[in-house]
Amino acid sequence: FPVTIEAEKIRVPVSLGFGIPGFFLTYVVCIFLGLFKGLRDGSKFDTGSSVILFIAYSIPALVVSVVLLMVFCTDRFLPGGALFPLGGARSDQWDTFTFAQKCVDYAKHMFLPVASSLLGGFTFLTPLMKNSLLDVLNSDFIRTARAKGLSESRVILKHALRNAILPLMVGL
């Protein structure tokens, strides 16, 4: 199949529409979840979230997508009916919508694809962030910052987090 320019004009904005938000949301979730897991290492939260991440990692994104479609896009499971549209990148009435209605419609169409793509990304980046933070927290410069009398939140946010994020940024 030769790809035409007209076909690409339709496909590229849709791909970017869920690819870019999914990419940034994956890193936001990873950084904050990894930070909380690292600060609460060995706690019930850490253990429970590790089990959930392990299970989520083992489920293929396609299966998650189908389950999300079945639950949220049909009236089989939710008593109120479908919460999200079943397909397409926008509604048939798109041309008649106001700007605000277009934004809401686009968000409704992109929510489930972004949510299913998040699952694959943050399940392996979160443990990386946690382990990176634990390594940084055991570093000499963190001990020095604490010995200088800096508050724990300043030590973590200013010194540890900045250095713990570096392994994640390599993947960009």
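Everything discussed here concerns the structure shown above.
The following paragraphs examine the structure supplied in this document.

## A short note on the overall build of the chain
For the chain, the count of helices and strands is seven helices and zero strands. In sequence order, the chain lays out its α and β elements as α-α-α-α-α-α-α. Its C-alpha atoms give the chain a radius of gyration of 21 Å, clearly above 16 Å, the size a compact globule of 172 residues would have. C-alpha atoms of the chain, sized along the principal axes, occupy 65 × 40 × 35 Å.

## A closer look at the side chain of T123
Along the polypeptide, T123 turns up in helix α4 (residues 99-137). Of the polar contacts made by the side chain of T123, one reaches the backbone oxygen of L119; its length is 3.2 Å. With residues near it in sequence (within four places) discarded, T123 still touches L53, A56 and Y57.

## Remarks on the nonpolar core
Of all hydrophobic cores here, the largest spans 29 residues; its most connected members are F122 and M129. Only α1 (5-39), α2 (44-58), α3 (61-72), α4, α5 (140-147) and α6 (152-164) provide two or more residues apiece to this core. Of the residues forming this core, the biggest block, nine residues, is contributed by α4. Every residue in contact with F122, bar those within four places of it in the chain, is listed here: T26, V29, C30, L33, L53 and P127.

## Thoughts on the packing of α5 against α6
At their nearest, the axes of α5 and α6 sit 10 Å apart, and the two run at 160° to each other. The orientation of α5 relative to α6 falls into the category roughly antiparallel. Along this stretch, α5 crosses α6, giving a crossing that reads as right-handed. Contacts from F141, I142, A145 and R146 in α5 reach E152, V155, H159, A160 and N163 in α6. Residues that form the contact of α5 with α6 fall into these classes: five nonpolar, two polar and two charged.

## Concerning the pattern of salt bridges
Enumeration according to the criterion identifies five salt bridges in this entry. One salt bridge connects K130 with D41, and the closest N-O pair in it is separated by 3.1 Å. With a gap of 89 residues between them, K130 in helix α4 and D41 in the loop between α1 and α2 connect regions that are remote in the sequence. The buried category is assigned to K130, whose relative accessible area is 11%. Measuring nitrogen to oxygen at the nearest pair gives 2.7 Å for the salt bridge that ties D140 to R143. Of the two residues, D140 and R143 are both situated in helix α5; the distance of three residues between them amounts to about one turn of the helix. Since its relative accessible area comes to 55%, D140 is described here as exposed. Several salt bridges converge on common partners, so that one network encompasses K37, D41, D46 and K130.

The rules behind each value
- Residues numbered from 1 in each chain as written.
- Predicted model: local features only at pLDDT ≥ 70, side-chain atom pairs only at ≥ 80, totals over all residues.
- Heavy atoms only, no water.
- Helix = DSSP H or I, 4+ residues; strand = E, 2+ residues; numbered from the N terminus.
- Rg over C-alpha atoms; globule rule 2.2 N^0.38 Å.
- Polar contact = N/O pair within 3.5 Å; in protein donor to acceptor, adjacent residues only side chain to side chain.
- Contact = heavy atoms within 4.5 Å.
- Core = buried A, V, L, I, M, F, W, Y, C linked by side-chain atoms within 4.5 Å.
- Buried < 20%, exposed > 50% of the residue type's maximum accessible area, 1.4 Å probe, protein only.
- Axes fitted to C-alpha atoms, helices over the stretch in contact; angles between N-to-C directions.
- Parallel < 35°, antiparallel > 145°, perpendicular 65-115°, else oblique.
- Left-handed = near helix turned anticlockwise from the far one by under 90°.
- Nonpolar A, V, L, I, M, F, W, Y, C, P; charged D, E, K, R; others polar.
- Salt bridge = Lys/Arg side-chain N within 4 Å of Asp/Glu carboxyl O.

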